[in-house]
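Structural overview
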Amino acid sequence: MQRKVILILLLSLSLVVHAQQEDYDGYAATVQLRLQQFYDDLEQISNSIAAASPTSIDNLQNRFNSLDIRWNTYYAAQQVYIAENENMLSLVAKYQELHGVVSDSLANTTLRLNAVKIFDETKAFLIAKIPEYDAIVNKCEKLALTDKTAPQLERVKASEQLLFAKVTDQYQKGKDAIAINPSLQKREDELDNLYLDISSRSESVQQAQYKPFMERIKDYLFGFAIVALAIMFVSMIQNKIVATKQMRESLKKLKEQYIKNGEDDIPTI
């Protein structure tokens, strides 16, 4: 009888251990499935980065941060099961490797997209300053007509210097954005031309000063004379080129005529 009781106890213990093992294996399979889901979610984020826009990149970063928190919490709670399973350990290693790649990719993509945003903001800023500078130039021209407004002219010039410093600072931000995102290099001339236009206007403002009427007339006539001399010089060069071309054509015809007549004494220059 005692022997029969012992057998029953051993059988019961065996059934309990077997049930526990089944529970363990079942839960371990659940843990592995959850780890795979974490990896799949991370892979989805990775595959979406290349086509990200300035708006969607923020959403991807938020998804990545949330996934990272949930992964760390779950991994810490299930370390006992993970440490005893080679498949789970391999899956954890894959996740951690992809995690590093995605983290770097998100950071680099965010920098490049922000660079495009800064470049566009810089371009819009410079475009908006063109009419503002035209108004300043016009104001300086009027203030320079009389010496009575000289103090006002100096204040405008001082104010313009501060404005140009802001323009230069914003322009440099645009240039820095190009260094971060080389794909913007094909648009670099857009910024350079706008900045040069503003620089030219800034120079006009700083050079503005009162001049007596006769001096302004003299400067005008002097400038007109320089232009006239330049035109005359260009015209003279053109006439010389035309004359040389005509002379060569005449010589060529004369040479052909000598050859046609069978004469050996062909004139040369």
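These figures come from a predicted structure and were not determined experimentally.

Criteria and cut-off values
Residues numbered from 1 in each chain as written. Predicted model: local features only at pLDDT ≥ 70, side-chain atom pairs only at ≥ 80, totals over all residues. Heavy atoms only, no water. Helix = DSSP H or I, 4+ residues; strand = E, 2+ residues; numbered from the N terminus. Buried < 20%, exposed > 50% of the residue type's maximum accessible area, 1.4 Å probe, protein only. Areas by Shrake-Rupley, 256 points an atom, 1.4 Å probe, with all protein chains shown as cover. Phe/Tyr/Trp six-rings, centres within 6.5 Å; stacked < 30°, edge-to-face > 60°. Contact = heavy atoms within 4.5 Å. Salt bridge = Lys/Arg side-chain N within 4 Å of Asp/Glu carboxyl O. Axes fitted to C-alpha atoms, helices over the stretch in contact; angles between N-to-C directions. Parallel < 35°, antiparallel > 145°, perpendicular 65-115°, else oblique. Left-handed = near helix turned anticlockwise from the far one by under 90°. Nonpolar A, V, L, I, M, F, W, Y, C, P; charged D, E, K, R; others polar. Patch = residues over 30% accessible without salt bridge, like charges linked within 9 Å, V, L, I, M, F, W, Y side chains within 5 Å. pLDDT = per-residue confidence, 0-100.

Right, let's talk about the overall build of the protein for a bit. Secondary structure assignment for the protein yields seven helices and zero strands. Starting at the N terminus and walking to the C terminus, you meet the elements of the protein as α-α-α-α-α-α-α. Evaluated residue by residue, the protein yields a buried proportion of 24% over its 269 residues. Here the protein displays about 18,900 Å² of accessible surface, and carbon together with sulfur accounts for 58% of that area.

Further remarks concern the packing of aromatic side chains. In this description, an aromatic ring pair is defined by two values, namely the gap between the centres and the angle between the planes. Tallied over the entire structure, the rule returns six aromatic pairs. Where Phe-38 meets Trp-71, the ring centres are 5.6 Å apart and the plane angle is 85°; that geometry is what we call edge-to-face. Separated by 33 residues along the polypeptide, Phe-38 in helix α1 (residues 2-48) and Trp-71 in helix α2 (residues 56-77) bring together distant segments of the chain. Pairing Tyr-171 with Tyr-195 gives two aromatic rings, centres 4.0 Å apart and planes at 5°, and the pair type is stacked. In this pair, Tyr-171 is assigned in helix α5 (residues 150-180) and Tyr-195 in helix α6 (residues 188-207), connecting sequence segments 24 residues apart.

Turning our attention to the side chain of Gln-170. Tracing the chain through its elements places Gln-170 in helix α5. You can call Gln-170 buried: its relative accessible area is 16%. Residues within four places of Gln-170 in sequence aside, it is in contact with Glu-121, Thr-122 and Phe-125.

Moving on to the pattern of salt bridges. Tallying each qualifying case throughout the model produces nine salt bridges. In this structure, the salt-bridge partner of Lys-157 is Glu-154, at a minimum N-O distance of 3.6 Å. You can see Lys-157 and its partner Glu-154 sitting in helix α5, three residues apart, about one turn around the helix. Judged by its relative accessible area of 10%, Lys-157 is buried. By relative accessible area, which is 45% here, Glu-154 ends up partly exposed. Salt bridges sharing partners connect three or more residues here, namely Asp-120, Lys-123, Arg-187 and Glu-190.

At their nearest, the axes of helix α4 (residues 86-143) and α6 sit 9 Å apart, and the two run at 20° to each other. By the angle between their directions, the pair α4 and α6 is classed as roughly parallel. Of the two elements, α4 crosses α6, and the hand of that crossing is left-handed. Listed contacts from α6 to Phe-119, Thr-122, Lys-123, Leu-126, Ile-127, Lys-129, Ile-130, Tyr-133, Asp-134, Ile-136, Val-137 and Cys-140 of α4 are Glu-190, Leu-191, Leu-194, Tyr-195, Asp-197, Ile-198, Arg-201, Ser-202 and Val-205. Looking at the contact of α4 with α6 residue by residue, the class counts come to 13 nonpolar, two polar and six charged.

Let us look at the environment of Gln-61. In this structure, Gln-61 sits in helix α2. With 46 residues separating them along the chain, Gln-61 and Ala-107 place their C-alpha atoms 8.8 Å apart.

This paragraph deals with a nonpolar patch on the surface. Residues Met-236, Ile-237 and Ile-241 make up a contiguous nonpolar surface patch of roughly 280 Å² in combined accessible area. In this structure, Ile-241 sits in helix α7 (residues 213-260).

Scored by pLDDT, the protein comes out at a mean of 82, with 72% of its residues at no less than 70. Within the protein, the lowest mean pLDDT, 62, falls on α7, and the highest, 96, falls on α6. For residues 7-22, every residue scores under 50 in pLDDT, and the model assigns this stretch zero contacts once sequence neighbours within four places are set aside.

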